[in-house]
Amino acid sequence: MKILNFGSLNIDKVYSVPHFVSAGETLSSTNFEEFPGGKGLNQSIALAKAGAQVYHGGNIGKDGLFLKEVLAEANVNVDWIEENGNTTGHAIIQVSSSGENCILLFGGANKEITIDQINHVLANFSQDDLLLLQNEINDLEYIVETAHKKGLKIVLNPSPIDETITNLDFSKIDYLILNEIEAKAITNEQTNDKIFQTLLSLNKQLKIVLTLGKAGVIYKDSVEEHRQASYKVDAVDTTAAGDTFLGYFLTQISQQADIKKTLQIATKAAAIAVTRKGAASSIPSLQEVMETN
């Protein structure tokens, strides 16, 4: 099974701060580092490190050519990445002393993907291949509609959350992988039970993975529900935790793994990632995950 990740490619500019900057405040950072990033790139690398056959579709500017090199070195197929953007997308990331992060995004080339490019990329994939989407590129509605007509299985990670997500046709989504903030924004509900009830009312066939940070993760569909506790670690940087979890989860699913085993492996991989700085650079290898108790 092939996995196409049609997603963002960013340059992450990471600032270490004692706390997140407040309105009107000028704050000195204690350190600055630059990494390859973007939810799309991070998730493609996580997929590849987890053992998936992954192809990345997206767009960069000439200032982001090194991002293709990073993906290729991670065994991600980069044939469907265009270099037509004016400026590569980037993120300004604050990482607090407690390891939490907040992110300011500039879409750049990620928001300049054309309909012709979308059609060209999707033409190379067929029924039952997996399509992974986030919300850092343009024309999601068109991509979902076109992919659904081709019979691809669609996995949506609705981050960052905005009206683009609420306008999507959830009956065409197969897997929804999201956190509490995103789930509450989509459903206007506050409790997990109500969130699941509302999402399944949109699509009875939907498979939902709700990540809860330190409280673990819940998987639910119309038939079964499973919970996985988080692994207790000393967090250094949570930037790519969700992306790491998603990559490992989706790889296991594509290999027909049991849901309980899938949740365990994906949660363990995310726990390892938060003990390291950076986004893509923090994602562990499959061997590392399997050898960790």
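Right above here is the structure, for reference.
Okay, so let's go over this structure. (Residues numbered from 1 in each chain as written. Predicted model: local features only at pLDDT ≥ 70, side-chain atom pairs only at ≥ 80, totals over all residues. Heavy atoms only, no water.)

1. What to know about the sheet that holds strand E7 (residues 101–106)
What counts here: Pairing between strands requires that DSSP locate at least two bridges from one strand to the other. Helix and strand assignments come from DSSP, with helices taken as H or I runs of at least 4 residues and strands as E runs of at least 2, each series counted from the N terminus. The axes are straight lines fitted to the C-alpha atoms, using for helices just the contacting stretch, and the angles between their N-to-C directions are given from 0 to 180°. In what follows, a contact means two residues having at least one pair of non-hydrogen atoms within 4.5 Å.
The strand order across the open sheet formed by four strands is E3-E2-E6-E7, and the pairing between neighbours is mixed. Edge positions in the sheet fall to strand E3 (31–37) and E7, since each of these pairs with one other strand and no more. Taken over all neighbouring pairs, the strand axes of this sheet differ in orientation by 20 degrees on average, direction set aside. Looking at chain direction, strand E6 (residues 89–95) and E7 are connected through six bridges and run antiparallel. When the bridges of E7 are listed, alanine 91 appears paired with leucine 105. Running at roughly 65 degrees to E3, helix H2 (residues 65–73) makes contact with strand E2 (10–16) and E3 of the sheet.

2. Examining the sheet that holds strand E1 (residues 3–6)
Sheet architecture is open: nine strands sit in the order E5-E4-E1-E8-E9-E10-E11-E12-E13, paired in mixed fashion. Either end of the sheet is taken by a strand with one partner, and the two such strands are strand E5 (77–85) and strand E13 (225–228). When strand polarity is set aside, the average angle formed by the axes of neighbouring strands in this sheet is 15 degrees. Across two bridges, the pairing between strand E9 (residues 153–156) and strand E10 (residues 175–179) is parallel. Looking across to E10, one finds that leucine 156 is bridged to leucine 176.

3. Re the environment of lysine 39
Cut-off, in case you're wondering: Exposed residues in this analysis have more than 50% of their type's maximum accessible area, buried residues have under 20%, and partly exposed residues fall in between, with area computed by a 1.4 Å probe over protein chains only. Throughout this description, a polar contact denotes any pair of N or O atoms lying within 3.5 Å of each other; where both atoms belong to protein, one of them has to be capable of donating a hydrogen while the other can accept it, and for residues adjacent in sequence the pair is counted only when both atoms sit in side chains.
Within the secondary structure, lysine 39 is located in helix H1 (residues 39–49). In this structure lysine 39 comes out as buried when scored by relative accessible area, which is 18%. Those residues in contact with lysine 39 that lie beyond four places of it in its chain are Ser8, Gln134, Glu136, Asn157, Ser159 and Asp243. Reaching out from lysine 39, the side chain makes a polar contact with the side chain of aspartate 243 at a distance of 2.8 Å.

So yeah, pure geometry; function would need other evidence.
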